[in-house]
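# Remarks on the overall topology
Chain by chain, the residues:
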Amino acid sequence: LGRSLEVGPDGLPARIRSWFATEMTRFAAKPVELLASPFRFRVDGPDGKEIARDADPTGPRFTAHAPGAAAWEAESHGGGLAVRVSARMEFDGFVDFRVALTAEKDVPVSDIRLEIPLDPDRARYMMGLGFKGGERPESFDWSWDPKRNQDALWVGAVNAGLQVSLRAENYSRPLNTNFYLSKPLNMPPSWGNDGRGTVTLRASGASQGGGAVVLLAARSGPRTLRAGETLHFDFTLLLTPFKLLDPAAHFSQRYFHAYKPLDEVAASGANVINIHHANEINPYINYPFLRPEQMKAYIDEAHRRGFKVKIYDTVRELSNRAAELFALRSLGHEVFSPGPGGGYSWLQEHLGSDYIAAWFVPELKDAAVINSGLSRWHNYYIEGLDWLARNVGIDGLYLDDVAFDRTTMKRIRKVLDRRRPGPLIDLHSANQYNPRDGFASSANLYLEHFPFLDRLWFGEYFDYNGSRPDYWLVEMSGIPFGLMGEMLQDGGNPWRGMVFGMTSRLPWAGDPRPLWKTWDDFGITSSEMLGWWADACPVRTGRKDVLATVYLKKKQGAKPRALIALASWAPETADVHLAIDWKALGLDPKTAVFRAPAIDKFQPAAEFRPADAVRVEPGKGWLLVLGD
């Protein structure tokens, strides 16, 4: 699956490699190294010097090895301290480390920290811990704060990276999507150390091998370890990317996000229908079991006409129409989160208090209450999806933010894959970088789910017009993780979107149909996508604020053609001269011409010669067809 992890004698990562090419559509012949040197779990004495420990010479000991997972253990001792590491790695690139530090006598320390030395060429971008996604800074400092939903940081390049999440024995998944402050993160006793814990990143110094390094360090600060005391410095890793991009599938699946007559959907050119809630066949939020006959009739006819149909159904809140409502209420806080009550009068009359009122649809009197997080209700949810796939024929899920963990998502994926041909899961998220959501980056928050998704739809409150291209790449596009997506807020920015293969989504916001027609006229589904982030991109603008992505179509027996997407982030009008690798394109510069097809609300028809400057207005761009 494109990545490898080598474990050192202490049980920690010694080497991480990625075979993903920068195009993200293929594997390379040779891997790149993510680490400059191995991970280190270090304990410093009062003098600031490391307390030496000797690793077990027999470590690591592998305790399980199966097609989908491997597990191992390791130990080290010295200076009155024992460190025991137990770890489990799964097929998707998730690695769970449990690190137990036990004091065999009283030991004063100035710091306990995890050091991750990264290769500077791979540590190009960063996201999380309050840092908005984009180019990595030279220096970064962060400290724990329960008002912020921040415990994870992703650092990497497009084709190699890792997310590290800091945990302890008291970890409990917090609430999200407007309700974070009702159940925030538990501060880990180990890493947090009563407010003394920090995370730092420094792009200076040298690795153990003497080369340059970007050092990421999770530090817990000074304390005295008492004899017999054990602290749990747990952490998880996600090794990215998770999978190759599939632009052909992405461009061939045209989404229609609404319950509408099938004739209307067919006339739009869409072929995948998302059935939201609050409509005739799926009226009640996250409880799609009260109109199964009507839903099945619609889906059966859609299948006959060649459409896929997905439904809104998740675990975050539950409709008051759920037949099991009072049985679930009797379980205390296992399924429903504690809270101030209130909301729609029916909830106050029937549930009294001690709940959190959530989404409400007045026309349907559909009043939801917030789920508590992980519970046995997830088993019901999985069985419900299985029943819907078998009996109603749903082709997948539209997820509106996610309140469950990766294990539940893995089970969802397995159920759908077993029951339906080519099922699809897309994830929507409103931008959660705000006080109510604890200033969390949506992509970083949901990264553990990305291996099991098919596309993203980010989302309300994302600033498509003001954001930098590196922010687009890391926080919105999904590309460094093996996903592609669409835009939502105000229809997005169609010119910038095309640089990342993104459009708006019918009929929610914007109208992608003119672009769909241009795709089909060119034949984009049979082209190779060479993004501006790829080493092999054959068209360059010479500017960081005006970017080009190439869709190259080479067909045996036919002359090559290229569709070039240009988009500007420059504050002023830019006259751009394109630097072109003609050999890579397979075209002759003496006869080649740029033709801009007329696209409604996007661009007028135009023609350019290779030597001409292409004028690009601020916040806009071009789609140019290059051929002889």
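Structure report, in brief. Note that the structure is predicted; figures quoted are calculated from it, not measured. (Residues numbered from 1 in each chain as written. Predicted model: local features only at pLDDT ≥ 70, side-chain atom pairs only at ≥ 80, totals over all residues. Heavy atoms only, no water.)

The next point concerns the pairing of strand E30 (residues 455-458). Burial along E30 is two-sided: the face carrying Arg455 and Trp457 and the face carrying Leu456 and Phe458 are both buried. Bridging between strand E29 (residues 424-429) and E30 involves four bridges; their strand directions are parallel. The residue bridging His428 from the neighbouring strand is Trp457, located in E30. Note that E30 and strand E31 (residues 485-486) share two bridges and pair parallel. Directly across from Trp457, in E31, lies its bridge partner Glu486. Where the polypeptide runs from E30 across helix H10 (residues 469-477) and back to E31, its parallel neighbour, the crossover connection is right-handed. (Buried < 20%, exposed > 50% of the residue type's maximum accessible area, 1.4 Å probe, protein only. Helix = DSSP H or I, 4+ residues; strand = E, 2+ residues; numbered from the N terminus. Pairing = 2+ DSSP bridges. Right-handed = clockwise from strand over helix to strand, strands pointing away.)

The strand order across the open sheet formed by five strands is E4-E11-E18-E17-E14, and the pairing between neighbours is antiparallel. Of all strands in the sheet, those with a lone pairing partner are strand E4 (40-44) and strand E14 (139-143), marking the two edges. When the angles between neighbouring strand axes are averaged without regard to direction, this sheet yields 15°. Where strand E11 (residues 111-118) and strand E18 (residues 214-219) come together, six bridges link them in antiparallel fashion. Within E18, the residue paired with Leu118 across the bridge is Val214. (Axes fitted to C-alpha atoms, helices over the stretch in contact; angles between N-to-C directions.)

Here helix H7 (residues 377-391) crosses helix H8 (residues 406-419) at 15°, and the two axes come no closer than 9 Å. In this view, H7 runs roughly parallel relative to H8, as classed from their interaxial angle. Between H7 and H8 lies a crossing whose hand is right-handed. Between H7 and H8, the contacting residues are His378, Asn379, Tyr381, Ile382, Leu385, Asp386, Ala389 and Arg390 on the first element and Thr408, Arg411, Ile412, Val415 and Arg419 on the second. Residue composition of the contact of H7 with H8, by class: six nonpolar, three polar and four charged. (Parallel < 35°, antiparallel > 145°, perpendicular 65-115°, else oblique. Left-handed = near helix turned anticlockwise from the far one by under 90°. Contact = heavy atoms within 4.5 Å. Nonpolar A, V, L, I, M, F, W, Y, C, P; charged D, E, K, R; others polar.)

Glancing now at the packing of aromatic side chains. This structure, assessed with the given rule, holds 36 aromatic pairs. Centre to centre, the rings of Trp472 and Phe500 are 5.5 Å apart; their planes meet at 15°, and the pair counts as stacked. In this pair, Trp472 sits in helix H10 while Phe500 sits in the loop between helix H11 (494-499) and helix H12 (513-522), placing the two residues 28 residues apart along the sequence. Each member of the pair, Trp472 as well as Phe500, carries the same accessibility label: buried. (Phe/Tyr/Trp six-rings, centres within 6.5 Å; stacked < 30°, edge-to-face > 60°.)

Attention shifts here to the sheet that holds strand E39 (residues 606-608). Taken in spatial order, the six strands line up as E32-E34-E35-E41-E38-E39 in an open sheet, and their pairing is antiparallel. This sheet does not close on itself; its edge strands, each paired only once, are strand E32 (528-530) and E39. In this sheet, neighbouring strand axes are inclined to one another by 25° on average, regardless of whether the strands run parallel or antiparallel. The sheet contact formed by strand E34 (residues 546-553) and strand E35 (residues 561-568) spans eight bridges and is antiparallel. The residue bridging Lys553 from the neighbouring strand is Arg561, located in E35. Contacts between H12 and the sheet are confined to E34, E35 and strand E41 (621-627), with E35 contributing the most and set at about 150° to the helix.

The next thing to look at is the environment of Phe62. Tracing the chain through its elements places Phe62 in strand E6 (residues 61-66). Phe62 sits in the exposed class, given a relative accessible area of 52%. Remark: the alpha-carbon pair of Phe62 and Arg88, spanning 26 residues in sequence, is separated by 9.7 Å. Excluding anything up to four places from it in sequence, Phe62 contacts Ala71 and Trp72.

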